[in-house]
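Listed below, chain by chain, are the residues.
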2 protein chains.
Amino acid sequence: MNLLYIGTGGFIGAILRYSISKFINQKFPFSSIPYGTLLVNIIGAFILAYLMSLSIHKIEFSKEFILFFGTGMLGAFTTFSTFMYESISMIENNNLLFSAIYVSVSIIAGIFSSYFGYILGRS
Amino acid sequence: MNLLYIGTGGFIGAILRYSISKFINQKFPFSSIPYGTLLVNIIGAFILAYLMSLSIHKIEFSKEFILFFGTGMLGAFTTFSTFMYESISMIENNNLLFSAIYVSVSIIAGIFSSYFGYILGRS
């Protein structure tokens, strides 16, 4: 039964990731940085940390809700494989500098947004 | 219709991520590094890059297959939000060194596995 909650969350999360990434990439089509993936990853990192912090410090969510919303939906909303593929594609296209900027910004902004979500969840 | 392919892939990918991460974390329960997430992220990065490289250089996959298997399944199989949450949890628990190791190893191994998948797909 747990797997059904995770899978349903994954179904929604993957569709949201695709739709939002596509929308963002259409808004910034000539850019060298894949803003779509960057944005969903940073937003997802923030929301997951906020949710987990709330569940630790303030609200007793059901296990099913955490599996659906956290593990399934937010897990699938963000992606590591596309992030890495975009990074090596930029290296392949001789954009080593942009690849390094993309990786650095993703990690630094990801850590900060996750930490901010965590702090906000317990405050 | 595209969204259905992506969602179905996301359903399967999220369940696989949870099941494999859980299995790995049970095998290494006393470790400081979250090997479960690390492993799925590196495996997913490799397979996505291999798939995309094959589709560029060798095999004409249908758009639906790429949406289902690449965007949906492999996108949801790997995760950035959990990766970031685990990293800041380690900082919160005063394991700054392990957090730095976890982030560095994830990125370095992710880039290498993605690049290896890409090279293998066109060789």
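Residues numbered from 1 in each chain as written. Chains lettered and ligands numbered in written order. Predicted model: local features only at pLDDT ≥ 70, side-chain atom pairs only at ≥ 80, totals over all residues. Heavy atoms only, no water.

- Taking an unreviewed UniProt entry as the reference, chain A is identified by name as Fluoride-specific ion channel FluC belonging to Tepiditoga spiralis.
- Under the UniProt heading Function (unreviewed entry), the note attached to chain A is "Fluoride-specific ion channel. Important for reducing fluoride concentration in the cell, thus reducing its toxicity."
- Regarding chain A, the UniProt comment filed under Subcellular location (unreviewed entry) reads as follows: "Cell membrane". (UniProt positions renumbered as here; feature names shortened; annotations may be inferred.)

1. Looking at the overall build of chain A
Stage number 1. If you tally the helices and strands in chain A, you get 5 helices and 0 strands.
Stage number 2. The linear arrangement of helices and strands in chain A, starting from the amino end, is α-α-α-α-α.
Stage number 3. Within chain A, the fraction of its 123 residues that count as buried is 49%.
Stage number 4. For chain A, the proportion of contacts with a sequence separation of at least 24, taken over those separated by at least 6, is 71%.
Stage number 5. In the structure as shown, chain A presents an accessible area of about 5,800 Å², 70% of it carried by carbon and sulfur atoms.
Stage number 6. Distance between charge centres in chain A, computed from 6 positive and 4 negative side chains, equals 9 Å. (Helix = DSSP H or I, 4+ residues; strand = E, 2+ residues; numbered from the N terminus. Buried < 20%, exposed > 50% of the residue type's maximum accessible area, 1.4 Å probe, protein only. Contact = heavy atoms within 4.5 Å. Areas by Shrake-Rupley, 256 points an atom, 1.4 Å probe, with all protein chains shown as cover. Lys, Arg positive; Asp, Glu negative; His and termini not counted. Charge placed at Lys NZ, Arg CZ, Asp CG, Glu CD.)

2. Brief notes about unusual backbone geometry
Stage number 1. You will see that N94 of chain A, though not glycine, has its phi angle at about 60°, which is positive.
Stage number 2. The residue N94 of chain A is located in the loop between α4 (81-92) and α5 (96-122) in this model.

3. Examining a nonpolar patch on the surface
Residues and elements named next belong to chain A.
Stage number 1. On the surface, L97, F98, I101 and V105 cluster together to form a nonpolar patch covering roughly 330 Å² of accessible area.
Stage number 2. Locating L97 in the fold gives a position in helix α5.
Stage number 3. By relative accessible area, L97 is classed as exposed at 61%. (Patch = residues over 30% accessible without salt bridge, like charges linked within 9 Å, V, L, I, M, F, W, Y side chains within 5 Å. Salt bridge = Lys/Arg side-chain N within 4 Å of Asp/Glu carboxyl O.)

4. Thoughts on the UniProt feature "transmembrane region" (unreviewed entry) in chain A
All names here are of chain A.
Stage number 1. In this numbering, the UniProt entry assigns the feature "transmembrane region" (unreviewed entry) to residues 33-53, 65-85 and 97-120.
Stage number 2. Helix makes up 90% of residues 33-53 and strand 0%, whereas the separation of the span's terminal C-alpha atoms amounts to 31 Å.
Stage number 3. As annotated, residues 97-120 comprises 100% helix and 0% strand, and the C-alpha atoms at either end are separated by 34 Å.

5. Observations concerning the pattern of salt bridges
Stage number 1. Applying the stated rule across the entire model yields 2 salt bridges over all chains.
Stage number 2. The shortest N-O distance in the salt bridge between E92 of chain A and R122 of chain B comes to 2.9 Å. Here R122 of chain B lies in helix α5 (residues 96-122) and E92 of chain A lies in helix α4, a pairing that spans two chains.
Stage number 3. We classify R122 of chain B as partly exposed; its relative accessible area is 37%.

6. Some points on the UniProt feature "binding site: Na(+)" (unreviewed entry) in chain A
Stage number 1. According to UniProt, the feature "binding site: Na(+)" (unreviewed entry) maps to G75 and T78 of chain A in the numbering used here.
Stage number 2. You can see G75 of chain A is positioned in helix α3 (residues 63-77).
Stage number 3. In this structure G75 of chain A touches G70 of chain A together with R17, A76, T78, T79 and S81 of chain B, once residues within four positions along its chain are discounted.
Stage number 4. Relative to the helices and strands, T78 of chain A is located in the loop between α3 and α4.
Stage number 5. According to the relative accessible area criterion, T78 of chain A is buried, its value standing at 0%.
Stage number 6. With sequence-adjacent residues up to four places away left out, T78 of chain A is seen in contact with R17, V40, N41, G44 and A45 of chain A together with G75, T78, T79, F80 and S81 of chain B.
Stage number 7. At 3.2 Å, the side chain of T78 of chain A forms a polar contact with the backbone oxygen of L74 of chain A. (Polar contact = N/O pair within 3.5 Å; in protein donor to acceptor, adjacent residues only side chain to side chain.)

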